[in-house]
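Structural features, examined
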Amino acid sequence: MLDQKTLEAAFEQFNAVSGQLIEAYNQLEAQVNVLNAQLDEANNQLRKQRDENAALAERLQRLLEVMLKRAWLSCRRRVKSERKTRRQLPCWAGRVAVRRGRK
């Protein structure tokens, strides 16, 4: 059988190790909280950047559509003023229209 002193020493060692485990767990939990906060911040920045990129892409698409429409109208006006067919027009818009089956 174990004597009283041996049992007390075992319990003291158990309590010390338990305290160390609790402290280590608390430190890990604090690190997890810091890392989660950093991850949330990074995700928020990525979402913001994605939204900005989507808005920019939409704006660029509208600008491209306006530019293409203006180029097309310019070529069309030139065709009418010079009384040429689109096939004869050296303009890319006329060639695109012909390729698409338009005359």
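Here, the structure is the one placed above.
So, a few notes on the structure that sits alongside this text. None of the values given here were measured: they were computed from a predicted structure.

Cut-offs and rules
Residues numbered from 1 in each chain as written. Predicted model: local features only at pLDDT ≥ 70, side-chain atom pairs only at ≥ 80, totals over all residues. Heavy atoms only, no water. Helix = DSSP H or I, 4+ residues; strand = E, 2+ residues; numbered from the N terminus. Buried < 20%, exposed > 50% of the residue type's maximum accessible area, 1.4 Å probe, protein only. Areas by Shrake-Rupley, 256 points an atom, 1.4 Å probe, with all protein chains shown as cover. Patch = residues over 30% accessible without salt bridge, like charges linked within 9 Å, V, L, I, M, F, W, Y side chains within 5 Å. Salt bridge = Lys/Arg side-chain N within 4 Å of Asp/Glu carboxyl O.

**Remarks on the overall build of the protein**
Within the protein, the secondary structure is distributed over two helices and zero strands. Looking at the protein as a whole, 8% of its 103 residues qualify as buried. Carbon and sulfur atoms form 56% of the exposed surface of the protein, whose accessible area is close to 9,400 Å².

**Points about a nonpolar patch on the surface**
Taken together, the side chains of Leu56, Leu60, Leu63 and Met67 present a nonpolar region at the surface, about 390 Å² in accessible area. Position of leucine 60 relative to the elements: it lies in helix α1 (residues 4-82). For leucine 60, a relative accessible area of 48% corresponds to the partly exposed category.

**Observations regarding the pattern of salt bridges**
Under the counting rule described, the total for this entry stands at two salt bridges. Across the salt bridge formed by arginine 50 and aspartate 51, the nearest N and O atoms sit 3.3 Å from each other. Assessed through its relative accessible area of 45%, aspartate 51 is described here as partly exposed. A salt bridge links arginine 62 to glutamate 58; the nearest nitrogen and oxygen atoms lie 3.9 Å apart. Of this pair, arginine 62 and glutamate 58 both sit in helix α1, four residues apart, which is roughly one turn of that helix. We classify arginine 62 as partly exposed; its relative accessible area is 48%.

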